[in-house]
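Commentary on secondary and tertiary structure
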Amino acid sequence: MSIISSRKSSLSARSSKDKSSRRSVRFQLNYNLKTVLGDETEHQSYRELVCYIRDAGLEIQDEDILQILNEARGCINILDKSHNLFVQVLLVTKWAHRSSAVAEAYKSFVVDLCSAHNYYTKFAIEQLVSNFKPVGEHLEWEKGRPCESEEVVFQRIHSVIKVLLQVIPMSVELLVSSVSASFPYTRCKDANEHVAYISNVLRILDYKAELRQQFLSLIVTKLLQLDVNSPRSDLEEKDEEETQMFSLEDSASASNPIADALDLSLGVMFEYIHIQCHPDGKTICWQRTKALYTDILAVFDKVILPTHASHHVQFLIFFLLSFKNNLLLWFLQYLWRKVIDPNVFHVIRQAAIGYIASLLSRAKYVPISAVKDTLTQLSSWIHGYISNCDAQTSCDPRIHSVFYSACQALFYLIAFRHKEIVLNSPKGLQFLQGLNLAKVVSSQLNPLRVCLPAVTNNFASVARHYQLVYCYTVIEHNRRNTIPVVYQDSTSSEHVYLDTFFPFDPYLLTRTKKYVSEWYREYDNSLPEEQLVKEGSGEGEDEDDFLMEQSPVNSLQFSYGTSPGFKM
């Protein structure tokens, strides 16, 4: 006799809401489940039971799955590895959207099962994590939050995970591994999958806070993959084409699936950072903010700083630093220690300089005192470097890459913040004169020859206006005297420029731009009493075009090959 008799029936109460011809499978156990599982002679009945549960799927009614779960819970002691198939089909059963009774029965079964047989824990956690995705089709989550029905599902899933973490110590490591392995692919077409997954990973931190640094590192790593696969040139081109046809919400990022996923995912991260530091939504909690800063700084050091050509993910720390001036000062000190440490790889030192220059130039919350302090540090270090070089030192970007990056940062900062330094701070002009820029420009290392033309030209105009140093003689000399340099064919005389990364260049993602725009400084190319006119161009435009000039194709690369990021 079959262990299960099945009959087709209408969905009764459900049929009043859905008049389709769907039918559900009712299970009626003719034998005691414990007998079937424990009796070696019941192999056929066991296989039949497994197949019916597996094949029926969502058609199993709540009362039927509830019966099976309750009876299976009574058989925990005999559910060894020989019953692996039965256990697996129960664990993969769609349960979280069903009645609260089914949800509680599933939770009790999983906890009892993993407590008695810990070798099932890995598979159980993998199934729970696999449900970190949108339920059904719906519009984008508002502010990264699920709809009401999804919220119930996710609460139930996390309820089970929370208990497993409490009663089974090994489950923590298994959870971290499963979360990493199940992350949506970079080219996943459904942006909501990324949003739902990241939201659920962050929700784990509500009851397992010690995993925060690990999970933040994982999330940021995945977001960087999205970021570097959304080339800035593509976003700028799409934005220019589509803003003429669509509203802001439909431009740039919305037309690019990867950028769209990045935009929505960063929205979740911005909201997480804000609520962690402002539990009541308004007032900052300093202790929580300091703790979050420590974790994010560790992630920045390990993941973000070594990554070249990311465009948007680094704005997470830009956003966090806006909460408190102390955070900004700590971050600048951290970066400066990287710059002056000769034991740090030169590419990381260059990246740290780029972050210093870009942050101080772009962030409105940076006080002018911090800008002046940094300019003093940069110029002092540059002068010391020049003094340690002899008269025969060659202008070699490979050997002196950190020096040239520091010089470019000095020029870049002055070009961006000269107005505030001169007009809004006491003795500002005297301060700029005290930097002794003439010694830097005229040194044998010739930084104007290596720095990007856009930086050189803007700095030269500002320096001429304030009579700090006249750069055009050196610029013209460099133009007429191009000599072969390292990494070029011996017959070549083309110019080689410093390949530079300005991490806080204008933010292009439309949905999350609101988190940045309040504190973001656009480039103002005007000078007091006169308009900046770049050599070879017309009058300055209103848009932020400081670095619109493209570096030559033969710019020196300080990265590994053509990879968008540094190898870890």
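Residues numbered from 1 in each chain as written. Predicted model: local features only at pLDDT ≥ 70, side-chain atom pairs only at ≥ 80, totals over all residues. Heavy atoms only, no water.

So, helix H5 (residues 100–116)
The terminal C-alpha atoms of H5 lie 24 Å apart, and with 17 residues this matches the ideal 24 Å at 1.5 Å per residue to within 8%. Taken together, the buried positions of H5 are Val102, Ala103, Ala105, Tyr106, Lys107, Phe109, Val110, Val111, Leu113 and Cys114. Considering only its buried residues, H5 is in contact with helix H3 (62–73), helix H4 (84–91), helix H6 (121–129) and helix H7 (148–167). (Helix = DSSP H or I, 4+ residues; strand = E, 2+ residues; numbered from the N terminus. Expected span 1.5 Å × (residues − 1). Buried < 20%, exposed > 50% of the residue type's maximum accessible area, 1.4 Å probe, protein only. Contact = heavy atoms within 4.5 Å.)

Side note on the nonpolar core
Ranked by internal contacts, the top residues of the largest apolar core, which has 181 residues, are Phe86, Phe109, Phe331, Leu359 and Phe411. A per-element tally of this core places helix H18 (residues 401–423) first, with 14 residues. (Core = buried A, V, L, I, M, F, W, Y, C linked by side-chain atoms within 4.5 Å.)

What to know about unusual backbone geometry
Unusually for a residue other than glycine, Ala309 sits at a positive phi of about 75 degrees. Relative to the elements of secondary structure, Ala309 occurs in the loop between helix H13 (286–304) and helix H14 (315–321). For Ala309, a relative accessible area of 24% gives the class partly exposed. Here the phi dihedral of Asn446 falls at roughly 50 degrees; this positive angle occurs in a residue that is not glycine.

A look at the pattern of salt bridges
Scanning the model with the defined rule gives 16 salt bridges in all. Between Glu476 and Arg480 there is a salt bridge; the shortest N-O distance is 2.8 Å. Placement of both Glu476 and Arg480 in helix H23 (residues 472–480) is noted, with a separation of four residues, approximately one turn of the helix. For Glu476, a relative accessible area of 27% gives the class partly exposed. Three or more residues are tied together by salt bridges with common partners; here these are Asp260, Asp263 and Arg511. (Salt bridge = Lys/Arg side-chain N within 4 Å of Asp/Glu carboxyl O.)

Overview of the packing of aromatic side chains
Geometrically, a pair of aromatic rings is defined through the distance of the ring centres and the angle of the planes. Here the structure, examined in full by the defined rule, presents 32 aromatic pairs. A ring pair is formed by Phe270 and Phe319, whose centres lie 5.2 Å apart and whose planes are at 85 degrees; its orientation type is edge-to-face. Highlighted residues: Phe270 in helix H12 (residues 257–277) and Phe319 in helix H14, separated in sequence by 49 residues. Take Phe270: its relative accessible area is 0%, and that puts it in the buried class. Of the residues examined, Phe319 reaches a relative accessible area of 8% and is grouped as buried. A network of ring pairs unites the aromatic residues Phe300, Phe315, Phe318, Phe331, Tyr334, Tyr355, Tyr365, Phe501, Phe504, Tyr507, Trp519 and Tyr520 as a single cluster. (Phe/Tyr/Trp six-rings, centres within 6.5 Å; stacked < 30°, edge-to-face > 60°.)

Considerations on empty space enclosed by the protein
For the structure on display, the rule yields three cavities of 30 Å³ or more. There is about 70 Å³ of room inside the second largest cavity. Residues belonging to the lining of the second largest cavity are distributed by class as follows: ten nonpolar, no polar and no charged. (1 Å grid on protein atoms, 1.4 Å probe; cavity = no way out; pocket = protein on both sides within 12 Å on 5 of 7 lines; lining within 4 Å. Points joined across faces, edges and corners; volume = space filled by probe spheres on them. Nonpolar A, V, L, I, M, F, W, Y, C, P; charged D, E, K, R; others polar.)

Here we look at the packing of H12 against H13
To describe two helices that pack against each other, one gives the angle between their axes and the distance between the axes. At their nearest, the axes of H12 and H13 sit 8 Å apart, and the two run at 140 degrees to each other. Each of Tyr272, Ile273, Ile275, Gln276 and Cys277 in H12 lies in contact with H13, whose residues at this interface are Arg288, Thr289, Leu292 and Ile296. A breakdown of the residues in the contact of H12 with H13 according to their chemical character gives six nonpolar, two polar and one charged. (Axes fitted to C-alpha atoms, helices over the stretch in contact; angles between N-to-C directions.)

Focus on the environment of Ala352
One can find Ala352 in helix H16 (residues 346–362). Put simply, Ala352 and Leu305 are 47 residues apart on the chain and 7.2 Å apart in space, counted from C-alpha to C-alpha. With residues up to four places along the chain from it excluded, the contact list for Ala352 reads Leu305, Leu335, Lys338 and Val339.

Quick word on the confidence of the model for the protein chain
Per-residue confidence for the protein chain gives a mean pLDDT of 82, with 78% of residues at or over 70. Segment residues 6–24 is flagged for pLDDT under 50; beyond a separation of four residues in sequence, or across chains, it makes 24 contacts in the model. Segment residues 530–542: pLDDT under 50, and 22 contacts once partners within four positions in sequence are set aside and those in other chains are kept. (pLDDT = per-residue confidence, 0-100.)

Some details on H16
An α-helix turns once per 3.6 residues; consequently, residues spaced three or four apart project the same way. For H16, spanning 17 residues, the distance from its first C-alpha to its last is 24 Å, which sits close to the expected 24 Å at 1.5 Å a residue. Counting buried residues along H16, 16 of its 17 residues qualify, which places the element largely inside the surrounding structure.

Overview of the side chain of Thr93
Here Thr93 lies in the loop between H4 and H5. Taking relative accessible area as the criterion, Thr93 reaches 11% and is therefore assigned buried. A polar atom in the side chain of Thr93 sits 3.2 Å from the backbone oxygen of Leu90. Beyond its immediate chain neighbours, meaning those up to four positions away, Thr93 contacts Ile53, Ile65 and Tyr106. (Polar contact = N/O pair within 3.5 Å; in protein donor to acceptor, adjacent residues only side chain to side chain.)

Topic: the environment of Tyr404
The topology assignment puts Tyr404 in helix H18. A relative accessible area of 0% means that Tyr404 is categorised as buried. The sequence separation of Tyr404 and Pro447 amounts to 43 residues, and the corresponding C-alpha distance is 5.9 Å. The contacts of Tyr404, once residues within four sequence positions are left out, are Cys395, Asp396, Pro397, Leu445, Asn446, Pro447, Val450, Cys451 and Leu498. Polar side-chain contacts of Tyr404 include one of 2.6 Å to the backbone oxygen of Leu445.

Section: the environment of Leu226
Checked against the element boundaries, Leu226 lands in helix H10 (residues 212–228). Take Leu226: its relative accessible area is 1%, and that puts it in the buried class. When the C-alpha positions of Leu226 and Arg187 are compared, they lie 8.0 Å apart, and in sequence the two are 39 residues distant. In this structure, Leu226 is in contact with Thr186, His194, Ile258, Ala261 and Leu262, ignoring residues within four places of it in sequence.

Some points on the packing of H18 against helix H22 (residues 453–465)
Orientation of H18 relative to H22, taken along the N-to-C sense of each, is 55 degrees, at an axis distance of 9 Å. As summarised for this structure, H18 and H22 are arranged oblique, according to the angle between their axes. Crossing geometry of H18 relative to H22 is assigned as left-handed. Contact residues: Gln408, Phe411, Tyr412, Ile414, Ala415 and His418 in H18; Val455, Asn458, Phe459 and Val462 in H22. A per-class count over the contact of H18 with H22 returns seven nonpolar, three polar and no charged. (Parallel < 35°, antiparallel > 145°, perpendicular 65-115°, else oblique. Left-handed = near helix turned anticlockwise from the far one by under 90°.)

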